[in-house]
Protein chains: 2
Amino acid sequence: MIGMTHAHTAMERSRLVAEAERLCAERGESLTPLRRRVLELLIEQPGPAKAYDLLAALGSEAGPAKPPTIYRALEFLMRLGLAHRIESLNAFVACDVGACARSTIFLICDNCGRAEEFDAGHALVDLGEAAAKDGFEIRRTMIEATGLCADCRKAA
Amino acid sequence: MIGMTHAHTAMERSRLVAEAERLCAERGESLTPLRRRVLELLIEQPGPAKAYDLLAALGSEAGPAKPPTIYRALEFLMRLGLAHRIESLNAFVACDVGACARSTIFLICDNCGRAEEFDAGHALVDLGEAAAKDGFEIRRTMIEATGLCADCRKAA
DNA sequence: ACGTTACACGTTACAAGATAACATTTCAGC
DNA sequence: GCTGAAATGTTATCTTGTAACGTGTAACGT
Ligand SMILES: [Zn+2]
Ligand SMILES: [Zn+2]
Ligand SMILES: [Zn+2]
Ligand SMILES: [Zn+2]
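Everything numeric here is computed off the predicted structure, so don't read it as measured data.

Another point: the protein's contact with DNA strand D. A:Lys50, A:Tyr52, A:Arg85, B:Thr32 and B:Arg72 are the nearest of the 15 residues found near DNA strand D. Sugar plus phosphate: this is where 44% of the atoms of DNA strand D within 4 Å of the protein reside. Residue B:Arg72 places a side-chain N or O atom 2.5 Å away from a base nitrogen belonging to DNA strand D. Contributing elements (two or more residues each) for the surface near DNA strand D: α4 (67–79) of chain A together with α2 (33–44) and α4 (67–79) of chain B.

What follows concerns the relation of the copies chain B and chain A. If you rotate chain B by 180° and push it 0.0 Å along the axis, it lands on chain A with an RMSD of 0.1 Å. With respect to symmetry, the two chain copies, as superposed, fit the operation of a two-fold axis. When the interface residues of chain B are mapped onto chain A, 100% of them again lie at the interface, so the same face is used by both copies.

Quick look at the packing of helix α1 (residues 10–27) of chain B against α2(B) now. Residues and elements named next belong to chain B. In contact at an axis separation of 10 Å, α1 and α2 are set at 145° when each is read in the N-to-C sense. Considering how the two elements wind past one another, α1 and α2 form a crossing that is right-handed. Within the contact between the two elements, α1 uses Arg13, Leu16, Val17, Ala20 and Glu21 and α2 uses Arg36, Leu39, Glu40, Ile43 and Glu44.

Below, the discussion takes up the protein's contact with DNA strand C. In the vicinity of DNA strand C, 14 residues are found, and the nearest of them are A:Thr32, A:Arg72, B:Lys50, B:Tyr52 and B:Arg85. The sugar and phosphate moieties of DNA strand C supply 49% of its atoms located within 4 Å of the protein. Taking B:Lys50, its side chain carries an N or O atom lying 2.6 Å from a phosphate oxygen of DNA strand C. Secondary structure elements with two or more residues in the surface near DNA strand C: α2 (33–44) and α4 of chain A together with α4 of chain B.

What follows concerns the pattern of salt bridges. Residue and element names in this part refer to chain B. Scanning the model with the defined rule gives 16 salt bridges over all chains in all. Note that Glu21 is salt-bridged to Arg36, the shortest N-O span being 2.1 Å. Taken together, the residues Glu21 in helix α1 and Arg36 in helix α2 connect sequence positions 15 residues apart. Looking at Glu21, the relative accessible area reads 32%, which means it is partly exposed. The shortest N-O distance in the salt bridge between Glu40 and Arg36 comes to 3.3 Å. Here Glu40 and its partner Arg36 are both found in helix α2, four residues apart, which amounts to about one turn of the helix. Classification of Glu40 as partly exposed rests on a relative accessible area of 28%. Among the residues examined, Arg36 registers a relative accessible area of 30% and is labelled partly exposed.

This part covers the coordination of the zinc ion (ligand 3). All names here are of chain B. For the zinc ion (ligand 3), every protein donor is listed as His84 (NE2), Cys95 (SG), Cys100 (SG) and Glu117 (OE), and the spread of their distances is 1.9 to 2.2 Å. Viewed at the metal, the four donor atoms of the zinc ion (ligand 3) are separated by angles of 96 to 132°, and the geometry they form is tetrahedral. Coordination of the zinc ion (ligand 3) draws on donor residues from a single chain, spaced H-x10-C-x4-C-x16-E in sequence. Owing to a relative accessible area of 6%, Cys95 belongs among the buried residues under this scheme. Judged by its relative accessible area of 17%, Cys100 falls in the buried class.

Moving on to the pairing of strand β1 (residues 83–86) of chain A. Residues and elements named next belong to chain A. Relative to strand β2 (residues 91–94), β1 runs antiparallel, the two being bridged by four bridges. By the bridge assignment, Ala83 is partnered in β2 with Ala94. Taken together, β1 and the strand that follows it, β2, pair antiparallel across an intervening segment of four residues, in which Asn90 is found at a positive phi of about 50°.

Moving on to the side chain of A:Thr104. Residue and element names in this part refer to chain A. With respect to the helices and strands, the residue Thr104 is situated in strand β3 (residues 104–109). Exposure remark for Thr104: the relative accessible area of 5% places this residue in the buried category. Thr104 has contacts with His84, Glu117, Thr141, Met142 and Ile143, leaving out every residue within four places of it along the chain.

Attention now moves to helix α5 (residues 122–133) of chain B. In this model α5(B) runs 17 Å from its N-terminal to its C-terminal C-alpha over 12 residues, within 8% of the 16 Å that 1.5 Å per residue would give. Those residues of α5(B) that are buried are in contact with β3, α5 (122–133) and β5 (137–148) of chain A together with β5 (137–148) of chain B. A positive phi of about 90° marks B:Gly135, the residue just after α5(B).

What counts, and at which threshold
- Residues numbered from 1 in each chain as written.
- Chains lettered and ligands numbered in written order.
- Predicted model: local features only at pLDDT ≥ 70, side-chain atom pairs only at ≥ 80, totals over all residues.
- Heavy atoms only, no water.
- Near = heavy atom within 4 Å.
- Polar contact = N/O pair within 3.5 Å; in protein donor to acceptor, adjacent residues only side chain to side chain.
- Helix = DSSP H or I, 4+ residues; strand = E, 2+ residues; numbered from the N terminus.
- Least-squares fit on C-alpha atoms with pLDDT ≥ 70 in both.
- Contact = heavy atoms within 4.5 Å.
- Axes fitted to C-alpha atoms, helices over the stretch in contact; angles between N-to-C directions.
- Left-handed = near helix turned anticlockwise from the far one by under 90°.
- Salt bridge = Lys/Arg side-chain N within 4 Å of Asp/Glu carboxyl O.
- Buried < 20%, exposed > 50% of the residue type's maximum accessible area, 1.4 Å probe, protein only.
- Donors = N, O, S within 2.8 Å, 3.2 Å for Na, K, Ca; no water.
- Tetrahedral: all angles 85-135°; square planar, octahedral: opposite > 155°, others 65-115°.
- Pairing = 2+ DSSP bridges.
- Expected span 1.5 Å × (residues − 1).

Structure, rendered in C-alpha cells:
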C-alpha cells in the first residue's frame, strides 16, 4: 500500500527533483515524464517502496502498469544514483543525500519500517583498506543495518 | 547448477560440520539428517548457492524436493548462524568463520562469483557508533561489497 | 523530404524466489 | 500405548523480476 504520509516536505521534494533534473542534464540523460513520475512517487513514500506497489500507483483506468515499466525506470534512476535498492527488503527508495552511485548505507527500523540513508564517515574507508590487505578490490559497498530508529526508541 | 569443485578441503568440511554439531548440542537444537545434508551441500559449494539449486541437489528419483523443505532448513541454519543469506544474490552460503548470528560481511567477486566471508575489524564498531550519534540503535548489520577478488585480479 | 539509427516505452509471456496452509511422520515423556 | 511438540511432506499460491519482441518518436546525415 502506498501511504498518505510524507517523508519529505514539499520544499524538500521539489529540491530533490530539481537536483535530479540538473544531474540528468549534466550527464546527457533525459528525465522523461515516466522516470520523473517514478522518482516523485519514490520521494513521496514514507519508506521503502515495493516495485509492484509503485506499479499500482502508476496505473491508470486501464489497470496497473506492467512490470518492465517500473523496473526500467528504477534501473535508470539507480544507474544515476537517484534511487537505491534495499536488498534485504526487495524495495526501493529515492536517494536522500544526492546521487550515490557506488556505495550506500541504510539504517532500517524494524519497528516502523523506515529506512534512513546514512553517511558512515570512515567505516567505508576502513572496510576498503581491510579488504585490500586481503587482495580484494572493492568497487561498491552496500550496508544495511537493522535496529530501532530514534523515534521508535523514544516511543518505547 | 551445483558444481563439482570444492571451496573447502575434506578436512575443513568435516571441521565445519563437527562445529555445527557442537553448537546444536550446546543450544539444545537438533541437527537432523535433512538439515545436516543441506549444511553439507552448502559447504561443498564453490560459491553462494541458490535455493532452487539446493532443492534439485537434494532431490531423489521422485524429482526435486519441494521449496518449503529447503527454505525451512536454511531458516534453521541461519537462525543458528551456520548459514547466511546473501541478499544481493538471493543466495546462501555456509558460515565460514563460525556461527555469526548478528552481523556478516561478504566480499563478492564480480568476475568469479565467489563470496568471501570477512571480518572487518573496526568498520562495524565505527558504524554502530556513528548510528548511535544519530539515535539509531543497530541490532544487526549486513555488508555486501562487490569487486574483484585477489585471484581474479592476478588473472587480469 | 527520406531512410536510418538510437532510445524510450508498451505488451505478452514466463522465470525465479518465497510462503501459506494443512497433512503426516517421528519420537520423547508420561 | 497415548499424547504433544517438532520436523517434514504436500499442494497451492503469491511475490519478484526478465526475456523477447513490437511500437512510437526524435535526431542525424543524405
Ligand atoms: Zn543515496
Ligand atoms: Zn522506527
Ligand atoms: Zn558467518
Ligand atoms: Zn574472483
